[in-house]
Amino acid sequence: MSDKVIRYGLGAIKGTGQQAIEAIVAARTQGGAFTSLFDFCVRVDRARLNKRCLEALIKAGAFDALQRDRAALTASVDRAFEFANAAQANANQVGLFDMGDDDLHGSSSQEPNLVDALPWGVRERLTLEKSALGFYLSGHLFDEVSLEVRRFVKRRIDELSDTREPQLLAGIVGDFRVINGQRGKLALFKLDDKSGVIEARADEALVHAHRNLLKDDQLIIVMGKLQPDRFAGGMQLTVQQIWDLEQARCRFGKFLRVAVNGRVPDVARLLQDFPAQVEQTEQGELVRGLGVRLLVTRHGDAAGAMAELQLSEAMRFFPTDAALAQWRAQADQGQAAIVYE
């Protein structure tokens, strides 16, 4: 084995069992490597392998070498078992009434196609992978957002400065739990941005304000201070502010630049569908929204011209992923991006 290969025991996958793994190993030893999901179900003793076990194997990535579309594989489990049952019945029938009809045998053993299914996104794939393995193996949830987040969160966790000044960080929440502290409820969790992991804590007010955000596998952007961990040693991040990605786009983004060239987006409809959010805070009314600038380009025979038109401050929208997708759909060549710097 090289240092680039991770060997993970099938029996450690949640939802499997010793009997199922022994049946898989026996079938592989007898007939060689499996060639497809259907070949697997035909050859492995299904009295020792159930659908729940097969789904766990797929979610863990055990079939990736045969087919990387885990959504299609999972959707095809019932079809694969039906095919295996039919193949077994056909084999029994041929054994009893073998008339040499190869065409009949061939047509019944033809593998069907996988069920068409919407492919899993990175988050769904990794979340299901973690449910089977207990951790992420093929990737990291931070990968999905790292390109955008690194445009305004410059510091990685493995680059934390030994300073008492507040530091802006981003990462995925893990091992989240709430305990009773001396001054009320206290949230303890790990913040992981793939480069490193830092222990973090948040007081009861933050827990209450962000109860839908502070949970395992969620991306958060935080402002906090490093402090010595008096109990476990090392350093701990005391969180002072928390944003989700949409809120962080409003807080750290300057505006959305939308390219137009002869066709203007339906701005009124987009603002209506994705209005800025208004929140009541102790400091008063807080409006979360992002401004828009239209980049107009004209190309002539000798030279071109470019102008940027800033919409009024009142014409702000809340930048969800769905909202940004709609702006891109109506922009010239899909060019609509948040400007952070």
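In case you missed it, the structure is sitting above this.
Residues numbered from 1 in each chain as written. Predicted model: local features only at pLDDT ≥ 70, side-chain atom pairs only at ≥ 80, totals over all residues. Heavy atoms only, no water.

The next thing to look at is the environment of arginine 150. Mapped onto the secondary structure, arginine 150 falls in the loop between helix 8 (146-149) and strand 1 (167-181). Sequence spacing of arginine 150 and alanine 170 is 20 residues, and the spatial spacing of their C-alpha atoms is 8.8 Å. Every residue in contact with arginine 150, bar those within four places of it in the chain, is listed here: Phe142, Arg155, Arg156 and Asp193. Polar side-chain contacts of arginine 150 include one of 2.8 Å to the side chain of aspartate 193. (Helix = DSSP H or I, 4+ residues; strand = E, 2+ residues; numbered from the N terminus. Contact = heavy atoms within 4.5 Å. Polar contact = N/O pair within 3.5 Å; in protein donor to acceptor, adjacent residues only side chain to side chain.)

Under the 1.5 Å per step criterion, the end-to-end length of helix 7 (residues 122-133) is 16 Å for 12 residues, consistent within 8% with the ideal 16 Å. Listed as buried for helix 7 are Leu126, Glu129, Ala132 and Leu133. In a view along the axis of helix 7, the buried residues occupy a sector of 120°, so they form one face of it. Looking at the packing, one finds that the buried side of helix 7 touches helix 3 (51-60) and helix 4 (70-75). (Expected span 1.5 Å × (residues − 1). Buried < 20%, exposed > 50% of the residue type's maximum accessible area, 1.4 Å probe, protein only. Arc of directions from axis to C-beta.)

What follows is about the sheet that holds strand 10 (residues 304-310). What holds strands together in a sheet is hydrogen bonding between their backbones, with the strands either parallel or antiparallel. Judged by pairing direction, the sheet is mixed, and its four strands sit side by side in the order 10-9-6-11 without closing on themselves. Of all the strands in the sheet, the pair left with one neighbour each is strand 10 and strand 11 (336-339). Between one strand axis and the next, the sheet turns by 25° as a mean value, whatever way the strands run. Where strand 9 (residues 292-299) and strand 10 come together, seven bridges link them in antiparallel fashion. Across the sheet, residue valine 296 finds its bridge partner in strand 10, namely alanine 307. (Pairing = 2+ DSSP bridges. Axes fitted to C-alpha atoms, helices over the stretch in contact; angles between N-to-C directions.)

Moving on to the nonpolar core. If you look at the biggest cluster of nonpolar residues, it comprises 37 residues, and the most contacted ones within it are Ile221, Phe317 and Trp327. When residues of this core are traced back to their parent elements, those giving at least two are strand 1, strand 4 (219-228), helix 10 (245-252), strand 6 (255-260), helix 11 (267-273), strand 9, helix 12 (321-330) and strand 11. With residues up to four places along the chain from it excluded, the contact list for isoleucine 221 reads Phe152, Val153, Leu168, Leu169, Ala170, Gln241, Ile242, Trp243, Asp244, Leu245, Ala248 and Phe252. By size, the runner-up hydrophobic cluster in this structure holds 28 residues, among which are Ala27, Phe38, Phe40 and Leu54. (Core = buried A, V, L, I, M, F, W, Y, C linked by side-chain atoms within 4.5 Å.)

Of note in this structure, aspartate 175 is not a glycine but carries a positive phi near 55°. Structurally, aspartate 175 is set in strand 1.

Our next topic: the environment of valine 267. On the secondary structure map, valine 267 appears in helix 11. Sequence separation between valine 267 and arginine 183 is 84 residues, and the spatial gap between their C-alpha atoms is 48 Å. If near-sequence neighbours (up to four positions away) are discounted, valine 267 is found in contact with Leu311, Met315 and Trp327.

Fair warning: the whole summary comes from geometry, so function is off the table for now.
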